[in-house]
Amino acid sequence: MVLADSTTFKYLEDKTSVAYEPFYSDDQASFLTEYRFDVPSWSHWWRRRPHSSDNLALARECKDVKIDRVYIGSGTGEKTEDFLAAAIVFLASGKKVRVPTFLVPATQKVWLDLYTLPVPGSGGKTFS
């Protein structure tokens, strides 16, 4: 469980008007293990650079790189939800994607999902 804080509440203000109530454990709660992370110090926005999937850089190091294609997928760990999340981001921008964007599901099930499940907020459209 990660405790909600003012950053969390600010984020939700901009995302929903639905009422919610934060959930907190009581003071007497006991836990098997407790981990503490300094999340703001994480630089989790990585970009892959040519010509190897091992050629990684932080996004801020790639600000002068011209994007000429986008590749979403690869690997057996991806899920249908990963593609849906990307589609929701594209829809939310309200802009047309201007570079070739390749969706490459690693499994037959995910591929089938992309052609049959509607993208949330798209009015029932699928990836096809």
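Residues numbered from 1 in each chain as written. Predicted model: local features only at pLDDT ≥ 70, side-chain atom pairs only at ≥ 80, totals over all residues. Heavy atoms only, no water.

Now for the side chain of T80. Here T80 lies in helix α2 (residues 80–93). Its relative accessible area of 7% is what places T80 among the buried residues. Reaching out from T80, the side chain makes a polar contact with the side chain of D113 at a distance of 2.5 Å. Ignoring anything within four residues of it in the chain, the contact list for T80 reads V110, D113 and L117. (Helix = DSSP H or I, 4+ residues; strand = E, 2+ residues; numbered from the N terminus. Buried < 20%, exposed > 50% of the residue type's maximum accessible area, 1.4 Å probe, protein only. Polar contact = N/O pair within 3.5 Å; in protein donor to acceptor, adjacent residues only side chain to side chain. Contact = heavy atoms within 4.5 Å.)

Further remarks concern a nonpolar patch on the surface. Side chains of Y71, F102 and V104 sit close together on the surface and give an oily, nonpolar patch of about 280 Å² of accessible area. When its relative accessible area of 30% is taken as the criterion, V104 is described as partly exposed. (Patch = residues over 30% accessible without salt bridge, like charges linked within 9 Å, V, L, I, M, F, W, Y side chains within 5 Å. Areas by Shrake-Rupley, 256 points an atom, 1.4 Å probe, with all protein chains shown as cover. Salt bridge = Lys/Arg side-chain N within 4 Å of Asp/Glu carboxyl O.)

Relative to the helices and strands, R49 resides in the loop between β1 (46–48) and β2 (56–58). Taking C-alpha positions, R49 is 9.5 Å from V65, a pair spaced 16 residues apart along the chain. Sequence-distant contacts of R49, defined by excluding residues within four places in its chain, comprise N55, L56, A57 and C62.

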